[in-house]
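One letter stands for each residue in the lines below.
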Amino acid sequence: MPELLRGRGVVAGRASGPVLLCTAPVSGWGGIDPRTGTIVESRHPQHGQSVAGTVLVLPGAKGSSGWSGQFHLAKLQGTAPCAIVFTRMNSKLALGLVVLRVPAVTDLETTRTMHTGVMADVDGTAGTVLIRREE
C-alpha cells in the first residue's frame, strides 16, 4: 500500500525513481564521481552506489562548497539524482539544489519507511513524497 509523506517543498517540480537512502551526509567535493554518479567517498556507508536517476534521500551535505560544481557536472553528464529528499538544509545543499533544479523536499513527518530500491514520487511543489510498495 502506498504511503504519503508530507514535508516542505524546497524546489518545485515532480520526479519519480528508485530511492537511494544515504545514511550519512555526502561530501560535495570528492563525494561523487560526476561522470558516473557513483559515491566515491571512501568511508561513506553507500560507497560504490550510484545516485544517477535516483530519489536521493540523505541527512544533508558536508564538506566544501563543491556540491554545486560536482552535481552540476553530474547533471550535464546525465548522472544526477532525479530528486532529493533531505533533513538538514545548509548553504552547500542549498546551492547544490539551485544548480541541480530537481524537485526537493525536506521536513518530512518520517523517513523510517524509505529504503533503498523502493519507488518514490517526489512533488517539490506540494512538499510530498509518495512511497510505492509492491503488493
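About the criteria used
- Residues numbered from 1 in each chain as written.
- Predicted model: local features only at pLDDT ≥ 70, side-chain atom pairs only at ≥ 80, totals over all residues.
- Heavy atoms only, no water.
- Buried < 20%, exposed > 50% of the residue type's maximum accessible area, 1.4 Å probe, protein only.
- Helix = DSSP H or I, 4+ residues; strand = E, 2+ residues; numbered from the N terminus.
- Arc of directions from axis to C-beta.
- Polar contact = N/O pair within 3.5 Å; in protein donor to acceptor, adjacent residues only side chain to side chain.
- Core = buried A, V, L, I, M, F, W, Y, C linked by side-chain atoms within 4.5 Å.
- Contact = heavy atoms within 4.5 Å.
- Pairing = 2+ DSSP bridges.
- Axes fitted to C-alpha atoms, helices over the stretch in contact; angles between N-to-C directions.
- Salt bridge = Lys/Arg side-chain N within 4 Å of Asp/Glu carboxyl O.
- Expected span 1.5 Å × (residues − 1).

Chemist: Tell me what's going on with helix H2 (residues 91-100), and back it up with residues and numbers.
Modeler: All of the buried residues along H2 are Leu93, Gly96, Leu97 and Leu100. The buried residues of H2 occupy an angular sector of 100 degrees when projected down its axis, which confines them to one face. Turned more than 90 degrees from where H2 packs its buried face, Ser91 and Val98 sit exposed. Sitting at the head of H2, Asn90 places a side-chain oxygen 3.2 Å from the backbone nitrogen of Lys92.

Chemist: Any chance you could break down the nonpolar core for me, citing the residues and the numbers?
Modeler: Membership of the largest hydrophobic core comes to 21 residues, with the highest contact counts inside it found for Cys22, Leu56, Leu58, Trp67, Ile84, Phe86 and Leu97. Every element with two or more residues in this core is listed here: strand E7 (55-58), helix H1 (66-77), strand E9 (83-86) and H2. Sequence-distant contacts of Phe86, defined by excluding residues within four places in its chain, comprise Val10, Leu58, Leu93, Leu97, Ala104, Val105, Thr106 and Asp107. Ala15, Ala83, Val105 and Met114 belong to the second-largest nonpolar core, a separate cluster that totals 16 residues.

Chemist: Describe the pairing of strand E3 (residues 14-21), naming the residues involved and giving the relevant values.
Modeler: Regular strands place their side chains on alternate faces of the sheet. The pairing of E3 with strand E11 (residues 119-123) spans five bridges and is antiparallel. When the sheet's bridge partners are listed, Gly17 is paired in E11 with Ala120. Direction of pairing for E3 relative to E7: parallel, over a ladder of three bridges. Following the sheet pairing, Leu21 is matched in E7 by Val57.

Chemist: Can you explain the sheet that holds E7? Please cite residues and give values.
Modeler: Taken together, eight strands build an open sheet; the order of strands is E1-E12-E11-E3-E7-E9-E10-E2 and the sheet is mixed. Each edge of the open sheet is held by one strand with a lone partner, namely strand E1 (3-6) and strand E2 (8-11). Between one strand axis and the next, the sheet turns through 30 degrees on average, direction left out of account. Bridging between E2 and strand E10 (residues 104-106) involves three bridges; their strand directions are antiparallel. Looking at E10, one finds that Val11 is bridged to Ala104. Where H2 meets the sheet, its contacts fall on E2, E9 and E10, and the angle it forms with E9 comes to roughly 160 degrees.

Chemist: Could you give an account of the pattern of salt bridges, with specific residues and numbers?
Modeler: All told, the structure shown has five salt bridges when counted by the stated rule. Of the charged contacts in the structure, one is a salt bridge between Asp33 and Arg35, with a shortest N-O distance of 3.0 Å. Judged by relative accessible area, Arg35 falls into the exposed class, the value being 62%. The partner of Asp121 in a salt bridge is Arg132, with the nearest N and O atoms 3.0 Å apart. Taken together, the residues Asp121 in strand E11 and Arg132 in strand E12 (residues 128-132) connect sequence positions eleven residues apart. Take Asp121: its relative accessible area is 21%, and that puts it in the partly exposed class.

Chemist: Outline H1, listing residues and values.
Modeler: For H1, spanning twelve residues, the distance from its first C-alpha to its last is 16 Å, which sits close to the expected 16 Å at 1.5 Å a residue. Those residues of H1 that are buried lie in contact with strand E4 (26-27), strand E5 (32-33), E7, strand E8 (61-62), E9 and H2. Immediately downstream of H1, the backbone of Gly78 shows phi near 80 degrees, a positive value.

Chemist: Tell me about the pairing of E12, and please be specific about residues and values.
Modeler: Relative to E12, E1 is paired through four bridges, and the arrangement is antiparallel. The residue of E12 that forms the bridge with Leu5 is Val129. Note that E11 and E12 share five bridges and pair antiparallel. Counterpart to Met119 in the pairing with E12 is Arg132.

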